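# What the coordinates show
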Amino acid sequence: GGIITQTPKFLIGQEGQKLTLKCQQNFNHDTMYWYRQDSGKGLRLIYYSITENDLQKGDLSEGYDASREKKSSFSLTVTSAQKNEMAVFLCASSSRQDNNQAPLFGEGTRLSVL
Amino acid sequence: GDSVTQTEGLVTLTEGLPVMLNCTYQSTYSPFLFWYVQHLNEAPKLLLKSFTDNKRPEHQGFHATLHKSSSSFHLQKSSAQLSDSALYYCASNTNKVVFGTGTRLQVLP
């Protein structure tokens, strides 16, 4: 079976630091997503990508960069970590050809900024 | 663009009572609809999805009916359990997945 792997699971950073989160999937899915989730809140779309080297901004793209170097991987960079920031970053992927296939999520990266 | 609306941020009810969480959508095309459940400190997981042939999907006692006339896909369960307490998301998919803002269901003893 397939899997979506997010690394690292936990990330502790310093204020102003540039931090990179990685996501890999082996479903051969075309579309990949990055969401941010603050404690007790809903999902907010940061970036998504419909194919290799494609990037589309979501509602929350400011302060982030993303990179889709190959079909199976999608990276997210926090360009300058904010003091006391705490959130979970969730990666998801879905098939573009088959819209009745539900997007699948990785287990998340939990970010804390000191 | 496409959108999904979940009007309730929090639904609190007593164990054993029926559950209904609202979901409406706007789309130029006929999207597929999904419900996800997210328990504390876990990733969202698919609960159920719409079918193309008007069948009613069911899972873990939950069901949802796609009504194209009202653009709705409300989630229902006849009797809530304490373990149903979680965050529930409705989502649509045409070429891009769009999530609603989520509804927190709190089931009390």
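The notes below deal with the structure included here. Computed from a prediction, not measured in an experiment: that's the story for all the values here. (Residues numbered from 1 in each chain as written. Chains lettered and ligands numbered in written order. Predicted model: local features only at pLDDT ≥ 70, side-chain atom pairs only at ≥ 80, totals over all residues. Heavy atoms only, no water.)

## What about the sheet that holds strand 3 (residues 19-21) of chain B?
Residues and elements named next belong to chain B. Strand order in the open sheet formed by 4 strands is 3-9-8-7, and the pairing between neighbours is antiparallel. The sheet is open, and its two borders are formed by strand 3 and strand 7 (58-59), each paired with just one other strand. Relative to strand 9 (residues 75-77), strand 8 (residues 62-64) is paired through 3 bridges, and the arrangement is antiparallel. Of the residues in strand 9, the one forming a bridge with Phe 62 is Lys 77. (Pairing = 2+ DSSP bridges. Helix = DSSP H or I, 4+ residues; strand = E, 2+ residues; numbered from the N terminus.)

## With respect to unusual backbone geometry
Following A:Thr7, the chain continues into A:Pro8 via a peptide bond in cis, with omega recorded as -10°. The residue A:Pro8 is located in the loop between strand 1 (4-7) and strand 2 (10-13) in this model. Its identity as a non-glycine residue notwithstanding, A:Asn28 has a phi of 65°, on the positive side. Even without a glycine there, the phi angle at B:Ser71 is positive, about 50°. You can see B:Ser71 is positioned in the loop between strand 8 and strand 9. Residue B:Ser71 is classed as partly exposed on the basis of its relative accessible area, which comes to 23%. (Buried < 20%, exposed > 50% of the residue type's maximum accessible area, 1.4 Å probe, protein only.)

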